[in-house]
Amino acid sequence: EQYVAPTDGKDIVLTIDATIQSIVEKYLSKAIKENIAQYGMAVVMRPSTGEVLAMANYPSYDPNEPFTPNTGSTFKIVTATAALEENVAQMDKAGDFSCSGSMQVGTWTIKCWRYPRSHGSESLRQGIMNSCNPVFMQLGQRIGIEHFCKYLEAFNLASKTGIDLPGEASGIMHNPASMTAVDLATTSFGQTVQITTLQTAVNYCAIANGGYLVQPYVVKEIKSGSGNYDEKTESKVIKQIMSKETSDLLLSALEDTAKTGTAKSGAVKGYRVGGKTATGEEGRGDQKVYMAGYASIAPIVNPELVVVMNIYDPKSEAGHGGAAICAPVVGSILDECLRYLDIAPDY
């Protein structure tokens, strides 16, 4: 036997805010139970720095199943970014797009969520507000596979975010070399690809902070036993992925979406917020399972918080859409968090 004397360890200070974490866990668990869902996840980030203020899963981590992946997608904003940056569309050009309820791509008839009804003639802003699939398929056709894939790469969607936690999953994208017109159409509105909830949050942070992709982190400081700082994490900007003009246009569209579009159920009393709903699909026919999602930015002027939530396989009478399942829950989270952080209401 050999005796090894103990040595003092170091203190780790996290970016996680215990109050915000408890708020997120409270509403997430309630949403999972009320919607009879398999699981859900939520992330709260500070868009200016990349700090993760809360990160929750429900049911929580199961040590018997440590490698079960949880991924989801809120994606249309990536296509809108590419379109605006490539100047193939304007935000408010009336009648620039048309939705008849579905769209023919090759031998496939791909439906809008509103099918058999249609959205009719739309601008890009209206397409975002209505979450209209044909608008984004038409954008994808204008952008083309080669340029579209460049923006998927710019958003680092096939890579890890680089967060200082083990076990992070990468997104799953199509291979540009073998990508087809149908793949482009479905990817343009967020189907047939996968990104994590954290990746989605990082994407929306870029919209909130003027177009910069920030690296998320949870370790803020490491202190020695004497209280001296051994290490402080500095906020890291990876790259600029869109212009300030594009991010401002997207913020205004997201605010309209939360005011009168598909995300109005995520409104927060007294605050100007932006939001985007999502409904993902997995499988077909009787095996089809849905992922409800919602991403929000608040306040719109000088954003302080980005919140993203995904809920997998909801089975309640509320349905499976992000507007019904996730948006009200995120609205409640923001309502408590904004007041807890003492952020003055807009009105």
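Residues numbered from 1 in each chain as written. Predicted model: local features only at pLDDT ≥ 70, side-chain atom pairs only at ≥ 80, totals over all residues. Heavy atoms only, no water.

Draft legend 1. Highlighting the pattern of salt bridges. By the definition in use, this model includes 12 salt bridges. Among the ionic pairs, D256 bridges to R125, the shortest N-O distance being 2.9 Å. Linking D256 in helix 8 (residues 244-260) with R125 in helix 3 (residues 124-130), this pair joins segments that are 131 residues apart in sequence. By relative accessible area, D256 is classed as partly exposed at 22%. In this structure, D248 and K244 form a salt bridge, with 3.0 Å as the shortest nitrogen-oxygen distance. Here D248 and its partner K244 are both found in helix 8, 4 residues apart, which amounts to about one turn of the helix. Given the relative accessible area of 35%, D248 is considered partly exposed. Taken together, the shared-partner salt bridges in this structure form one network comprising D92, R125 and D256. (Salt bridge = Lys/Arg side-chain N within 4 Å of Asp/Glu carboxyl O. Helix = DSSP H or I, 4+ residues; strand = E, 2+ residues; numbered from the N terminus. Buried < 20%, exposed > 50% of the residue type's maximum accessible area, 1.4 Å probe, protein only.)

Draft legend 2. Examining the sheet that holds strand 13 (residues 289-298) more closely. Taking strand neighbours across the sheet as the criterion, the 5 strands line up as 3-2-14-13-12 in an open arrangement whose pairing is antiparallel. Strands at the two margins of the open sheet, each flanked by one partner only, are strand 3 (51-58) and strand 12 (274-282). In this sheet, adjacent strand axes meet at a mean angle of 10 degrees when their direction is disregarded. One ladder, built from 9 bridges, connects strand 12 with strand 13; its direction is antiparallel. In the strand pairing of strand 13, G275 is matched with S296. Contacts from helix 8 reach strand 12 and strand 13, with the element oriented near 80 degrees to strand 12. (Pairing = 2+ DSSP bridges. Axes fitted to C-alpha atoms, helices over the stretch in contact; angles between N-to-C directions. Contact = heavy atoms within 4.5 Å.)

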